[in-house]
Amino acid sequence: LAKTTQPISMDSYEGQEVNITCSHNNIATNDYITWYQQFPSQGPRFIIQGYKTKVTNEVASLFIPADRKSSTLSLPRVSLSDTAVYYCLVGERRGTSYGKLTFGQGTILTVHP
Amino acid sequence: KAGVTQTPRYLIKTRGQQVTLSCSPISGHRSVSWYQQTPGQGLQFLFEYFSETQRNKGNFPGRFSGRQFSNSRSEMNVSTLELGDSALYLCASSLDPKIPNTEAFFGQGTRLTVV
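Quick notes on the rules
Residues numbered from 1 in each chain as written. Chains lettered and ligands numbered in written order. Predicted model: local features only at pLDDT ≥ 70, side-chain atom pairs only at ≥ 80, totals over all residues. Heavy atoms only, no water. Phe/Tyr/Trp six-rings, centres within 6.5 Å; stacked < 30°, edge-to-face > 60°. Helix = DSSP H or I, 4+ residues; strand = E, 2+ residues; numbered from the N terminus. Buried < 20%, exposed > 50% of the residue type's maximum accessible area, 1.4 Å probe, protein only. Core = buried A, V, L, I, M, F, W, Y, C linked by side-chain atoms within 4.5 Å. Contact = heavy atoms within 4.5 Å. Salt bridge = Lys/Arg side-chain N within 4 Å of Asp/Glu carboxyl O. Disulfide = S-S within 2.5 Å.

### Focus: the packing of aromatic side chains
Then, number 1: Scanning the entire structure with this criterion turns up eleven aromatic pairs over all chains.
Then, number 2: Look at Tyr 36 of chain A and Phe 106 of chain B: their rings are 6.0 Å apart centre to centre, the planes differ by 85°, and that puts the pair in the edge-to-face class. Remark: Phe 106 of chain B occurs in strand 10 (residues 105-106) and Tyr 36 of chain A occurs in strand 3 (residues 33-38); the pair is interchain, linking two chains. A single burial state applies to Tyr 36 of chain A and to Phe 106 of chain B, both of which are buried.
Then, number 3: Aromatic pair Tyr 87 of chain A and Phe 103 of chain A: ring centres 5.2 Å apart, planes at 85°, arrangement edge-to-face.

### Section: the nonpolar core
Then, number 1: Counting residues in each nonpolar core, the largest one holds 21 residues, and the members touching the most others are Trp 34, Leu 46, Phe 64, Met 76 and Tyr 89 of chain B.
Then, number 2: Only strand 3 (19-24), strand 4 (31-38), strand 5 (42-50), strand 8 (74-78), strand 9 (87-94) and strand 11 (110-114) of chain B provide two or more residues apiece to this core.
Then, number 3: In contact with Leu 46 of chain B, not counting residues within four places along its chain, are Trp 34, Tyr 35, Gln 36, Lys 57, Gly 58, Phe 60, Phe 64, Met 76 and Tyr 89 of chain B.
Then, number 4: If you look at the next biggest cluster of nonpolar residues, it comprises 20 residues, including Ile 48, Ala 60, Val 78 and Val 90 of chain A.

### Let's talk about the environment of Ile 108 of chain A
All names here are of chain A.
Then, number 1: Mapping Ile 108 onto the fold places it in strand 9 (residues 107-112).
Then, number 2: Judged by relative accessible area, Ile 108 falls into the partly exposed class, the value being 43%.
Then, number 3: Taking C-alpha positions, Ile 108 is 16 Å from Ser 23, a pair spaced 85 residues apart along the chain.
Then, number 4: Sequence-distant contacts of Ile 108, that is, excluding residues within four places in its chain, are made with Ile 8, Ser 9, Met 10, Ala 84 and Val 85.

### With respect to the pattern of salt bridges
As a working rule, side chains carrying opposite charge can pair if their charged atoms are close by.
Residue and element names in this part refer to chain B.
Then, number 1: Counted by the stated rule, this structure contains five salt bridges over all chains.
Then, number 2: Glu 82 serves as the salt-bridge partner of Arg 63, at 3.6 Å between the closest nitrogen and oxygen. Taken together, the positions of Arg 63 in the loop between strand 6 (53-57) and strand 7 (64-68) and Glu 82 in the loop between strand 8 and strand 9 put the pair 19 residues apart, joining distant regions of the chain.
Then, number 3: Measuring nitrogen to oxygen at the nearest pair gives 2.8 Å for the salt bridge that ties Asp 85 to Arg 63. Taken together, the positions of Asp 85 in the loop between strand 8 and strand 9 and Arg 63 in the loop between strand 6 and strand 7 put the pair 22 residues apart, joining distant regions of the chain.
Then, number 4: On the accessibility criterion, Asp 85 (4% relative accessible area) is buried.
Then, number 5: Here Arg 63 falls in the buried class, since its relative accessible area comes to 16%.

### So, the state of the cysteines
Then, number 1: Summed over all chains, the structure comprises two disulfides over all chains.
Then, number 2: Across a sulfur-sulfur distance of 2.2 Å, Cys 22 of chain A and Cys 88 of chain A are joined as a disulfide pair. One quick way to see it: the torsion about the S-S bond of Cys 22 of chain A and Cys 88 of chain A is about -80°, and its sign makes the bridge left-handed. Here Cys 22 of chain A, found in strand 2 (residues 18-23), pairs with Cys 88 of chain A, found in strand 8 (residues 84-90); they are 66 residues apart in sequence, far enough to count as distant.
Then, number 3: By relative accessible area, Cys 22 of chain A is classed as buried at 0%.
Then, number 4: For Cys 88 of chain A, a relative accessible area of 0% puts it in the buried group.
Then, number 5: Here Cys 23 of chain B connects covalently by a disulfide to Cys 91 of chain B, the sulfurs 1.7 Å from one another. The sign of the -50° torsion about the S-S bond sets the Cys 23 of chain B-Cys 91 of chain B disulfide as left-handed. Here the residue Cys 23 of chain B occupies a position in strand 3, and Cys 91 of chain B occupies one in strand 9, the gap between them amounting to 68 residues. For the pair Cys 23 of chain B and Cys 91 of chain B, one class covers both residues: buried.

What follows is the structure, encoded as structure tokens:
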């Protein structure tokens, strides 16, 4: 099971771009990388998922280098409402452990005015 | 489209009692997973159900159990409550378990306090 390492906390200001990097040195060939966002007393919310290179949606971008040992979540022009905990997950292989998401400690992002 | 609904939102129980939490997944979703979140341990996987069968289980004692009904609604039960069971219990539903790492949709959780 691939273990993830990400910074415990980060600070930013409104309007800035935020990049959160996650290390997953033992990622397996069939594993995907997924990021979730969680606000206090709410369930996590899916942000983005990728396998390699770059993925972009209306909320964020995910950069994955060729060796896939790390990934970077990029949040463009953050606002105060982006203050939350961000989790990097490395998915289970097909056929095993359906339904199980393994959350690490997450990164507490605080956006300041 | 309604999201994942968990009831009740808040619950206070006494040590030794038992509790049942309910989760209604998004319509059409057949996989339901449960998680426990505490400040000390973070988010931990409890178990997953698909088509009324438990397919995966985390590292929790037998006091934690669950079930899923034919309409995919799920319940989890904790017996002989301990103070350490105080946590936010989250339910997540997924559309198709054959798709690896498919997106999971979480409910808002049930905040359980054991006194």
